[in-house]
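Residue-level structure breakdown
Here is what each chain is made of, one letter per residue.
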Amino acid sequence: MKTNWFKDAIIYQIYPQSFMDSNDDGIGDLKGIVSRLDYLKDLGINCIWLSPIYKSPMADNGYDISDYLDINPIYGKMDDLKLLIEEMHKRNLRLIMDLVVNHTSDEHEWFKAAKTSKDNPYHDYYIWRDKPNNWTGFFGDKAWTYNPETNEYYLHLFNKAQPDLNWENEKVREEVKKICKYYLDLGVDGFRCDVINLISKDQNFKNGHNKLILVGKKYFINGPRLHEYLQELNKDVLSNYDCMTVGETVFTNLEDIKLLTDESRNELSMVFNFDHTSVDNYLGVKWLMRRFKLKRLKKVLDHYQYGLKDSGWYSIFYENHDQRRSVGRFNLKESKAFYTTKMLATAFYFLKGTPYIYQGEEIGMTNLDVESIDEFIDVETVDVIKVMKKLPLTMSYIEKSIKNGSRDNARTPMQWDDSTYAGFSNHEPWLRVNHNKDVINVKNQLKDQSSTLNYFKKLIKIYKEYQILNREGVYKDLLPKSNSLFCYERRCGNELLLVLTNFKDHKVKHKLLNKYQGFKQKILLNNYDNFDNSYLEPYQAILIYLSK
Ligand code: ISL
Ligand code: CA
């Protein structure tokens, strides 16, 4: 029944609000996605992760769900989802949906009932205390909000419009099973489980000590019953389907990943770990910007690549709807995006794990080019600006940090062509299209053989051709100490893939190829026309297949 299809998949993340608008109301929708399936098929990906499309008041763009079994009318109807599934399966594409069950919307019927009285049967679906403790949530502010009707406080680890569910209550767990079953029966192939390692909380609700950020973190991350809950969900529902789960796990380490994804434990198929996205910040908080050093990135990647050699599985990604765009990140010059976009993809996607490409990454979309930070509308950005303004920070630091970290950066409409609204819509979109759509767009790049898009297509094709090496190849970092080059091999006996990438904007010499005399060599990818045995061009990336 269960296969490991997810280990060979290449997954593409769609942020529905910004992908494709079919009815010209300025908001992406399900029919819009259907109309672009041939593009995705042609790109070569074989699975889509769809960010939430359920009914939602959109306080957090759909990560606040008011009805799990209904579709947000801005995206369409349940029939449109059925059509999407059908059209995807026709094309041999799988679909995984976002499962956001750490919290609901405060407009969910459960919460509306829960807050009316302590005796209401739904009251115990949420987490209440007479007095708040000192925890703060992910968006920087206090994690408890007062509810006058019951004279209590409810817990919300995100915005106050996102009350946390009480997983201690068996009825809540049954509801989650019902939701999963509903979508699996519809033909969905799995779930991306939002902040899944927050669902179990230490029931003592002790005050936290860290005074700066995420106060109380150690009591609400990887709580005491996390593994039990996941195993229960598997046993009762997931194990009956050939589906996969990818857990979004925040602040997890290698040991956590192993426990969560060890096949024999039946918890998750894989997780997203965020350590590598934190090498350019302090304390895992993106607002606290830190100078990027390649060595630090490699140390994190090495740690997990070596650590997950024999058991456990994770996701390989560097963009998503919460991250800034990668163009211009990691100290890479924005003006050299023609090379760096291809270089980054080569450096990351041949690591061991399942690749995730975020919409627009394949054409090198950039951060939102705002003049003023008042243009940002994301709930996290708005909440964090408020918090930052209370702290002893200069306005210029706040501006720099917000421009760098706002999630709106990744959420601008997909740039399909150079028309007024970039082919995304014929109506002004909910979030402004980037000015560079005239240059950076799918239509241009499809025509241009040397484009980022065509490089991604080629990379994906090659990824599939060398599936065994990608799944099983043993990882070795060939230059762990270099601050310029990231070079590694993935080896199975006398066969290997060799990845050579240069993170610097100047030529860098190396002697790596001397090691492989006697091997036959085939260059599979190169973001330059030329190749030299002894050096890499600025931001050059090369993938070589070697065999004896
Ligand atoms: O976005 C982050 C940093 O910028 C993370 O801290 C993020 O809040 C965290 O990874 C949880 O993200 C997920 O759950 C949130 C939602 O806002 C995010 O979009 C989602 O990916 C609450 O549901
Ligand atoms: Ca629409």
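These figures come from a predicted structure and were not determined experimentally.

Thresholds, definitions, all that
- Residues numbered from 1 in each chain as written.
- Chains lettered and ligands numbered in written order.
- Predicted model: local features only at pLDDT ≥ 70, side-chain atom pairs only at ≥ 80, totals over all residues.
- Heavy atoms only, no water.
- Pairing = 2+ DSSP bridges.
- Helix = DSSP H or I, 4+ residues; strand = E, 2+ residues; numbered from the N terminus.
- Contact = heavy atoms within 4.5 Å.
- Axes fitted to C-alpha atoms, helices over the stretch in contact; angles between N-to-C directions.
- Patch = residues over 30% accessible without salt bridge, like charges linked within 9 Å, V, L, I, M, F, W, Y side chains within 5 Å.
- Areas by Shrake-Rupley, 256 points an atom, 1.4 Å probe, with all protein chains shown as cover.
- Salt bridge = Lys/Arg side-chain N within 4 Å of Asp/Glu carboxyl O.
- Buried < 20%, exposed > 50% of the residue type's maximum accessible area, 1.4 Å probe, protein only.
- Left-handed = near helix turned anticlockwise from the far one by under 90°.
- Nonpolar A, V, L, I, M, F, W, Y, C, P; charged D, E, K, R; others polar.
- Near = heavy atom within 4 Å.
- Polar contact = N/O pair within 3.5 Å; in protein donor to acceptor, adjacent residues only side chain to side chain.
- Disulfide = S-S within 2.5 Å.
- Phe/Tyr/Trp six-rings, centres within 6.5 Å; stacked < 30°, edge-to-face > 60°.
- Lys NZ or Arg CZ within 6 Å of the ring centre and 35° of its normal.
- Donors = N, O, S within 2.8 Å, 3.2 Å for Na, K, Ca; no water.
- Expected span 1.5 Å × (residues − 1).
- 1 Å grid on protein atoms, 1.4 Å probe; cavity = no way out; pocket = protein on both sides within 12 Å on 5 of 7 lines; lining within 4 Å.
- Points joined across faces, edges and corners; volume = space filled by probe spheres on them.

**So, the sheet that holds strand 5 (residues 94–99)**
Here 8 strands make up an open sheet; going across it, the order is 11-10-9-5-2-1-15-14 and the pairing parallel. The two strands at the open ends of the sheet, each matched to only one other strand, are strand 11 (270–272) and strand 14 (315–316). Relative to strand 15 (residues 354–358), strand 14 is paired through 2 bridges, and the arrangement is parallel. Bridging from a neighbouring strand, S315 pairs with T354 of strand 15. Docked against the sheet, helix 3 (residues 78–90) engages strand 2 (47–50) and strand 5, running at close to 145 degrees with respect to strand 5.

**Here's the deal with a nonpolar patch on the surface**
On the surface, L212, Y282 and L283 cluster together into a nonpolar patch covering about 340 Å² of accessible area. When you line up the elements, Y282 lands in strand 12 (residues 281–282). The class of Y282 is partly exposed, set by a relative accessible area of 43%.

**Some thoughts on the packing of helix 8 (residues 254–261) against helix 9 (residues 294–307)**
For any two helices packed against each other, one specifies the inter-axial angle together with the distance between the axes. Between helix 8 and helix 9, whose axes approach to 10 Å, the crossing angle comes to 40 degrees. As for the relative orientation of helix 8 and helix 9, their crossing is right-handed in sense. For the pair formed by helix 8 and helix 9, the contact residues are L254, I257 and K258 on the first element and H303, Y304 and G307 on the second. Partitioning the contact of helix 8 with helix 9 into residue classes produces 3 nonpolar, 2 polar and 1 charged.

**Comments concerning the site of ligand 1**
Around ligand 1, the structure places 18 residues, and the nearest of them are D60, D194, E248, K286 and D322. In this structure, an oxygen atom belonging to ligand 1 sits 2.8 Å away from a side-chain N or O atom of E248. Between E380 and ligand 1, the recorded distance is 3.2 Å, taken from a side-chain N or O atom to an oxygen atom. Counted by class, the shell around ligand 1 contains 6 nonpolar, 3 polar and 9 charged residues.

**Structural notes on the state of the cysteines**
With the rule as written, the count across this model stands at 0 disulfides. Looking at C193, it has no disulfide partner, and the nearest cysteine sulfur is the one in C180, 7.1 Å off. Among the residues examined, C193 registers a relative accessible area of 3% and is labelled buried.

**Thoughts on the sheet that holds strand 7 (residues 144–147)**
One open sheet holds the 3 strands; their spatial order is 6-8-7, and the pairing between them is antiparallel. Both edges of this open sheet fall to strand 6 (128–129) and strand 7, since each of them pairs with a single strand only. As paired strands, strand 7 and strand 8 (residues 152–155) are joined by 4 bridges and run antiparallel to one another. Looking at strand 8, one finds that W144 is bridged to L155.

**As for the side chain of N502**
When you line up the elements, N502 lands in strand 18 (residues 495–502). In this structure the side chain of N502 is engaged in a polar contact, spanning 2.9 Å, whose partner is the backbone oxygen of H506. When sequence neighbours within four positions are dropped, the list of residues in contact with N502 reads M343, S484, L485, K507, V508, L536, E537, P538, Y539 and Q540.

**Let's talk about the packing of aromatic side chains**
With the rule as written, the count across this model stands at 40 aromatic pairs. Measuring from ring centre to ring centre gives 6.0 Å for W128 and Y154, while their planes differ by 70 degrees; the resulting arrangement is edge-to-face. Here Y154 lies in strand 8 and W128 lies in strand 6, a separation of 26 residues in the sequence. Among the residues examined, Y154 registers a relative accessible area of 6% and is labelled buried. Seen from their ring centres, Y516 and F519 are 5.7 Å apart, and the 75 degrees between their planes marks the pair as edge-to-face. Each of the two residues, Y516 as well as F519, counts as buried. Pairwise contacts between aromatic rings join Y54, Y68, W110, Y122, Y125, Y182 and Y183 into one cluster. Across the ring face of W416, the terminal group of R36 is positioned such that the distance to the ring centre comes to 3.8 Å. Positioned above the aromatic ring of F251, the side-chain terminus of K217 is 3.9 Å from the ring centre.

**Re the pairing of strand 13 (residues 285–289)**
Where strand 12 meets strand 13, 2 bridges bridge the pair, whose relative direction is antiparallel. Residue pairing in the sheet places N281 in a bridge with M289 of strand 13. What sits between the antiparallel neighbours strand 12 and strand 13 is a turn of 2 residues, in which L283 has the positive phi angle 60 degrees.

**Quick notes on the coordination of the calcium ion (ligand 2)**
Around the calcium ion (ligand 2), the protein contributes the donor atoms D21 (OD), N23 (OD1), D25 (OD), I27 (O) and D29 (OD), which lie 2.2 to 2.3 Å from the metal centre. Within one chain, the residues serving as donors to the calcium ion (ligand 2) are arranged as D-x1-N-x1-D-x1-I-x1-D. A residue is classified by how much of its surface remains accessible, and D21, at 3% relative accessible area, is buried.

**Structural notes on helix 14 (residues 452–465)**
With 14 residues, helix 14 extends 20 Å from end C-alpha to end C-alpha; this agrees with the ideal 20 Å at 1.5 Å per step. The complete set of buried residues in helix 14 reads T452, L453, N454, Y455, F456, L459, I460, I462 and Y463.

**Regarding empty space enclosed by the protein**
Tallied over the entire structure, the rule returns 3 cavities of 30 Å³ or more. One number sums up the size of the largest cavity: a volume of about 50 Å³. Split into classes, the residues belonging to the lining of the largest cavity amount to 8 nonpolar, 3 polar and no charged. Space inside the second largest cavity adds up to approximately 40 Å³. If you trace the second largest cavity, you find it lined by Y304, Q305, L308, G312, W313, Y314 and K352.

**Re unusual backbone geometry**
One non-glycine residue, D24, adopts positive backbone phi at about 55 degrees. With respect to the helices, strands and loops of the structure, D24 is situated in the loop between strand 1 (11–14) and helix 1 (30–35). Even without being glycine, F205 reaches a positive phi, approximately 45 degrees. Summarising the element assignment, F205 is placed in the loop between strand 9 (190–193) and helix 6 (217–220).

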